[in-house]
Amino acid sequence: ADALDLEDAVGSCPLPGMLAQVWTRGLTRGEPTRAPGDRVDWIKAQGRAKSMRGFKNEHGKSLLIHAPLKDLGRAGTGIELFFRTLRWLFIVLVIATCLGCVSLAANLEYNKHVNTPIVVTTIGPCCKTSPSELRAQSIPWFITFLLFLLFLYWLRYKQRQVAHSVDRRYITTGDYSVEVRNIPLLANESALYQFFEQYGRVSQVQIGFRCSGYVRLFERWKKHDVELAETRVGLALLAEQGHALDSARAATRAAKIDTLQNEMIDLESEMARLQAVELISSGAAFVIFETEAGRRACLKAHHLSAWTRFLEMIGWTTKHARFGDSVDLSVVPAPEPSDVFWENLEVGPHEVRKRSLYTLLVAMGMIGTSLVLLLLLTRSKDSQIALLKRTGATLAASTYTRGVSLVAAVVVTAVNSFLRIAINQLTVLERHDTKSDYEESYFIKLSLAYVLNQSLLILIVSPNPSTWFVEGGVYAQAFYIILANAIVPELFKVVRLDTIFKRYVMGTFVKSQAKLEELWQPPEASLGEFYAGLLKTVTLGLLYAPAMPVVWFITTSTIIIKYWSTKYALLRVCRQPPTLDEGLSEVFRELLSFVLLGSVIIEAVVLDSRLDEESRSKEHIVLPIAAGIMWLIYKIVPLQRLGCLRNYVDNRSNDTGGKVFSSLPGLARYRCPISQPVPSLATIHSNSFGTVEAAPGGVPSSLETIAVQMPSAVATPSGPMPERTPSLFGSAYEGNSGRWQITSDTSVSPAQYPQPAYELPVQPQSPPRAPPMLLAVTCPENVGPGAQLIVQGPSGQMVTVTVPSTVFPGMIFHVSV
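Quick caveat, the model's predicted, so the values are computed rather than measured. (Residues numbered from 1 in each chain as written. Predicted model: local features only at pLDDT ≥ 70, side-chain atom pairs only at ≥ 80, totals over all residues. Heavy atoms only, no water.)

Undergrad: Would you mind going over the sheet that holds strand 1 (residues 177-181) with me for this structure?
TA: In sheet architecture, strand pairing relies on hydrogen bonds along the backbone and comes in two forms, parallel and antiparallel. A sheet is described by the order of its strands in space; here four strands give the open sequence 2-3-1-4, paired in antiparallel fashion. Lying at the two open borders of the sheet, with one neighbouring strand each, are strand 2 (202-209) and strand 4 (330-333). Between one strand axis and the next, the sheet turns through 25° on average, direction left out of account. Examined bridge by bridge, strand 2 and strand 3 (residues 281-289) share seven bridges and lie antiparallel to one another. What sits directly across from I207, in strand 3, is A285. Each of strand 1, strand 2, strand 3 and strand 4 touches helix 6 (residues 189-196); the most contacted strand, strand 2, lies at about 135° to it. Its contacts with the sheet place helix 9 (residues 292-302) against strand 1, strand 3 and strand 4, and it is angled at close to 135° to strand 4. (Pairing = 2+ DSSP bridges. Helix = DSSP H or I, 4+ residues; strand = E, 2+ residues; numbered from the N terminus. Axes fitted to C-alpha atoms, helices over the stretch in contact; angles between N-to-C directions. Contact = heavy atoms within 4.5 Å.)

Here it is in structure tokens:
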């Protein structure tokens with residue numbers, strides 16, 4: 001269609017003007033665009049979102065969907081273990097399905113007289129008078145129980161093997177680092193540097209200062225920066241589209257711009273003030289050694305047995321050096337830099353446990369509410385069915401029963417979605433100091449909610465086993481729940497409705513590139529949520545498949561769907577998660593063992609309730625009793641003390657091959673937010689482009705960036721940059737961060753903005769360091785983390801710069817030269 005004809009048709013279109021314009025532009029260009037003068041670039045936003053999602057290989061290219069699982073180990077042991085667990089579970093479930101076919105054939109043979117499609121596949125109506133047939137039904141279940149018990153040992157063995165394999169394949173910052181706890185509040189990095197030099201050459205010491213207030217200010221600054229860019233573009237559009245006479249709207253937006261600028265300057269001043277005062281340690285620090293041998297020597301010196309610590313406590317011996325001759329430091333392997341929540345380091349472990357208890361109680365209250373809803377629905381169903389049967393409406397009662405079963409499945413699925421969102425927010429309030437700890441806590445609470453709400457509540461509201469196998473009973477409701485669990489969560493994992501709404505609906509109405517790129521950011525992936533969904537699927541299969549073998553087919557199919565949907569979501573939908581260890585897999589294994597115990601109990605109840613009183617004996621529950629004894633042996637006997645079943649701790653191997661940390665490009669360092677430069681409200685002036693704002697790249701993507709924005713990857717600073725004044729607590733930028741302009745020759749000079757009215761103290765540090773020059777570099781397209789760029793330095797020399805691991809094409813990062 002001709003674009004001019006469509007534009008002329010807008011005037012006679014019955015739709016409102018704004019909607020008609022959006023509709024017209026969508027037809028003419030195939031994408032939501034703007035009026036002349038608008039500066040949003042949808043292709044750029046899409047390209048940046050594409051560069052941020054998924055996993056990248058060593059060349060910066062996105063991994064393919066069929067990429068081998070060992071490539072997913074780039075994000076740590078947790079991701080690779082999750083997919084390998086799915087593969088191993090699939091093998092176990094295939095064997096369980098083959099065994100279930102024996103029970104399914106027997107059920108179909110004995111239930112020929114049953115006309116209900118779901119009930120005919122269960123053990124319920126048959127075997128009421130024959131204990132021998134009932135024992136035959138329990139043999140396939142017992143073999144399946146043994147398979148899952150062996151799977152728990154196998155998973156424990158593979159956890160250690162995969163962790164060692166990932167550690168051997170990839171060199172990360174954690175291979176050179178240790179985490180130090182119990183340091184004095186006023187400790188400085190120089191003293192820690194000298195203390196740890198006794199174990200090997202130290203590359204970096206970063207104290208985790210108390211910075212929760214600073215991080216909150218920074219988050220507010222980022223939101224204001226995006227809102228400021230949006231408001232400025234909106235004001236420019238009013239003038240370009242001929243709305244200059246609308247003085248009220250223009251004045252309102254101009255006043256909003258002034259307010260946002262003043263608030264951002266106040267936030268910058270407050271952040272600089274927090275940096276200027278005496279920084280207080282959170283009690284934690286991270287030390288990076290130049291070689292892995294130094295790290296191993298440090299861990300060995302501080303790893304003491306309980307007996308040695310007792311002897312030290314009574315003063316009989318001293319096996320390791322103490323910091324300051326009095327402080328006993330706790331030294332453990334450090335998490336990766338991307339795994340650290342710096343603002344939460346100040347929260348002690350006792351406070352975290354107390355918060356975890358509170359959030360667990362709130363989650364239990366939500367599950368109790370779901371129980372009440374399900375009880376009301378069940379009682380209403382029972383009374384209505386009784387009424388229909390008294391009136392002789394048997395067909396109507398059957399139809400009503402199936403409808404209520406479907407409604408119950410929908411209610412349980414909806415409550416699960418609400419619980420997932422609520423538990424996520426509650427877990428954030430616990431303030432764990434690493435992403436791994438957060439994911440483990442989130443996984444435990446979410447798994448508990450899933451298992452209780454979706455697996456056990458229907459059993460709790462119907463405690464009489466004689467009603468489980470009737471039409472509309474427990475197993476009929478469970479069938480629809482299991483079927484919904486196989487489709488709905490995996491569909492929403494791939495098709496993110498919230499992301500689609502933000503990109504294609506909200507993105508249609510934004511005015512600035514910064515806001516558009518914010519809406520197009522890929523969603524975060526939660527490994528704890530993935531593990532919780534897997535545990536829910538296996539739980540439903542273990543609890544209901546022994547008495548309804550057709551569930552084995554659904555559960556096995558769900559594992560296949562879950563494998564590919566999760567892999568697609570990680571590689572094509574979500575951004576790469578931080579590096580996580582095997583802790584989630586270990587928690588999953590422990591919870592699965594208790595689910596296996598629940599399967600034993602359910603099987604014993606089902607077998608005991610199927611016989612008539614005159615035929616009942618204890619012989620038919622011999623196998624469940626034997627399974628319970630074997631489960632107790634599994635939990636009591638400490639087979640985990642065997643070398644092949646122990647937790648893998650990287651404190652003895654030399655997987656780095658003797659390589660020096662500073663010689664490896666792309667490895668991230670530990671950076672406390674409050675030790676980084678303060679972001680600044682900046683403008684970019686260019687004679688060729690006129691005056692434009694410092695967006696879209698103007699919103700720092702992390703606390704490691706500042707807002708000295710430059711239009712190209714090569715910039716030559718001239719004039720003084722913010723002074724980096726030494727401090728007893730390490731290298732913090734404590735001079736005025738300044739506001740900078742880019743002139744036509746790309747030189748850097750201070751802009752004429754009001755400066756914060758305060759004097760910052762200068763504290764000496766030994767040895768002194770020369771003030772660095774900050775160079776802003778834009779990551780080119782088709783370049784990923786670890787790539788090396790050659791840029792022009794502050795004195796005209798050419799400098800080799802390594803792209804950090806958290807930077808993607810189009811993002812601006814800063815290096816000190």
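Undergrad: So what exactly am I meant to see when it comes to the pattern of salt bridges here?
TA: In a structure, side chains of opposite charge can pair up when their charged atoms sit close to one another. A full pass over the atoms with the stated rule returns 21 salt bridges. A salt bridge links D433 to R181, with the nearest nitrogen and oxygen atoms 2.3 Å apart. Of the two residues, D433 sits in the loop between helix 12 (394-429) and helix 13 (435-460) while R181 sits in strand 1, which places them 252 residues apart along the sequence. Take R181: its relative accessible area is 22%, and that puts it in the partly exposed class. Note that K515 and E518 form a salt bridge whose closest N and O atoms lie 3.1 Å from each other. Separated by three residues within a single helix, K515 and E518 lie in helix 16 (residues 513-519), roughly one turn from each other. Classification of E518 as partly exposed rests on a relative accessible area of 32%. (Salt bridge = Lys/Arg side-chain N within 4 Å of Asp/Glu carboxyl O. Buried < 20%, exposed > 50% of the residue type's maximum accessible area, 1.4 Å probe, protein only.)

Undergrad: Quick question: what am I supposed to make of the nonpolar core here?
TA: In this structure, F83, F148, Y475, Y544, F588 and L592 are the most contacted members of the largest nonpolar core, which totals 95 residues. Once you skip the residues sitting within four places of it in the chain, F148 turns out to touch L89, V92, L93, V538, L542, W552 and L596. In terms of nonpolar packing, the next biggest core, distinct from the first, is built from 51 residues, F218, L228, F289 and L664 among them. (Core = buried A, V, L, I, M, F, W, Y, C linked by side-chain atoms within 4.5 Å.)

Undergrad: Could you clarify how one ought to interpret the confidence of the model for the chain in this entry?
TA: Note: predicted coordinates in regions of low pLDDT should not be interpreted at a detailed level. Model confidence for the chain is summarised by a mean pLDDT of 75, while 73% of its residues fall at 70 or above. Per-element confidence in the chain is highest for helix 18 (residues 550-573), whose mean pLDDT is 93, and lowest for strand 6 (residues 690-693), whose mean pLDDT is 28. In the model, residues 1-38 has pLDDT below 50 throughout and makes 37 contacts with residues more than four positions away in sequence or in other chains. Every residue in residues 683-771 scores below 50 in pLDDT, and together they form 192 contacts with partners more than four places removed in sequence or on other chains. (pLDDT = per-residue confidence, 0-100.)

Undergrad: What exactly am I supposed to notice about the pairing of strand 11 (residues 788-792) here?
TA: The two faces of a sheet get side chains in turn, since along a regular strand they alternate between them. With burial as the criterion, only one face of strand 11 is covered, namely that bearing L789 and V791; the residues Q788, I790 and Q792 on the opposite face remain uncovered. Strand direction decides the pairing type here: strand 11 and strand 12 (residues 798-802), joined by five bridges, are antiparallel. Within strand 12, the position partnered with Q788 by the bridge is T802.

Undergrad: In this structure, what is going on with the environment of A547? I would like to understand it.
TA: With respect to the element layout, A547 can be found in the loop between helix 17 (527-544) and helix 18. A relative accessible area of 2% places A547 in the buried class. Sequence-wise, A547 and T121 are 426 residues apart; in three dimensions their C-alpha atoms are separated by 8.5 Å.

Undergrad: Even after reading the chapter, I still don't get unusual backbone geometry, so can you show me in this structure?
TA: Excluding glycine, residues mostly have negative phi values, and the peptide bonds linking residues are mostly trans. In the Ramachandran plot, N182 falls in the positive-phi region, its phi being about 70° despite a non-glycine side chain. Along the polypeptide, N182 turns up in the loop between strand 1 and helix 6. Backbone geometry places R431, a non-glycine residue, at a positive phi of 60°. As for its placement among the helices and strands, R431 is situated in the loop between helix 12 and helix 13. Relative accessible area serves as the criterion here: at 19%, R431 is assigned to the buried category.

Undergrad: Would you take a moment to explain the pairing of strand 1 for this structure?
TA: For strand 1, the buried fraction is high: four of the five residues fall into the buried class. Note: strand 1 against strand 3, five bridges, orientation antiparallel. Pairing of V178 across the sheet is with V287, part of strand 3. Relative to strand 4, strand 1 runs antiparallel, the two sharing four bridges. Within strand 4, the residue paired with V178 across the bridge is P333.

Undergrad: Any chance you could explain a nonpolar patch on the surface here in plain terms?
TA: A contiguous nonpolar surface patch, about 900 Å² in accessible area, is contributed by L491, F492, V495, L497, I500, F501, Y504, V505, M506 and F509. Elements with a minimum of two residues in the nonpolar patch: helix 14 (474-494) and helix 15 (497-504). Structurally, Y504 is set in helix 15. Judged by its relative accessible area of 46%, Y504 is partly exposed. (Patch = residues over 30% accessible without salt bridge, like charges linked within 9 Å, V, L, I, M, F, W, Y side chains within 5 Å. Areas by Shrake-Rupley, 256 points an atom, 1.4 Å probe, with all protein chains shown as cover.)

Undergrad: Hey, could you run me through the environment of Q204 in this one?
TA: Residue position: Q204 is located in strand 2. For the pair Q204 and F289, spaced 85 residues apart in sequence, the C-alpha to C-alpha distance is 7.1 Å. When near neighbours in sequence (up to four residues on either side) are disregarded, Q204 contacts F286, V287, I288, R669 and Y670. At a separation of 2.5 Å, a polar atom in the side chain of Q204 contacts the main-chain carbonyl oxygen of Y670. (Polar contact = N/O pair within 3.5 Å; in protein donor to acceptor, adjacent residues only side chain to side chain.)

Undergrad: Explain the packing of aromatic side chains to me, please; I cannot follow it from the model alone.
TA: Given two aromatic rings, one states the distance between the centres and the angle between the planes to describe the pair. Following the criterion strictly, the structure yields 27 aromatic pairs and no others. Consider the rings of F195 and F196, whose centres lie 5.0 Å apart with planes at 90°: the pair is edge-to-face. Residue F196 is classed as buried on the basis of its relative accessible area, which comes to 0%. For the pair Y475 and Y544, a centre-to-centre distance of 5.4 Å together with 85° between the ring planes defines the contact as edge-to-face. Residue Y475 is found in helix 14, and its partner Y544 is found in helix 17; the two are separated by 69 residues along the sequence. Pair check on accessibility: Y475 and Y544 agree, each one buried. Clustering of aromatic rings is evident, with ring pairs tying together F82, F83, F443, F530, Y531, Y563, W564 and F588. We note K536 situated over the ring of Y450; from NZ or CZ to the ring centre the distance is 4.3 Å. (Phe/Tyr/Trp six-rings, centres within 6.5 Å; stacked < 30°, edge-to-face > 60°. Lys NZ or Arg CZ within 6 Å of the ring centre and 35° of its normal.)

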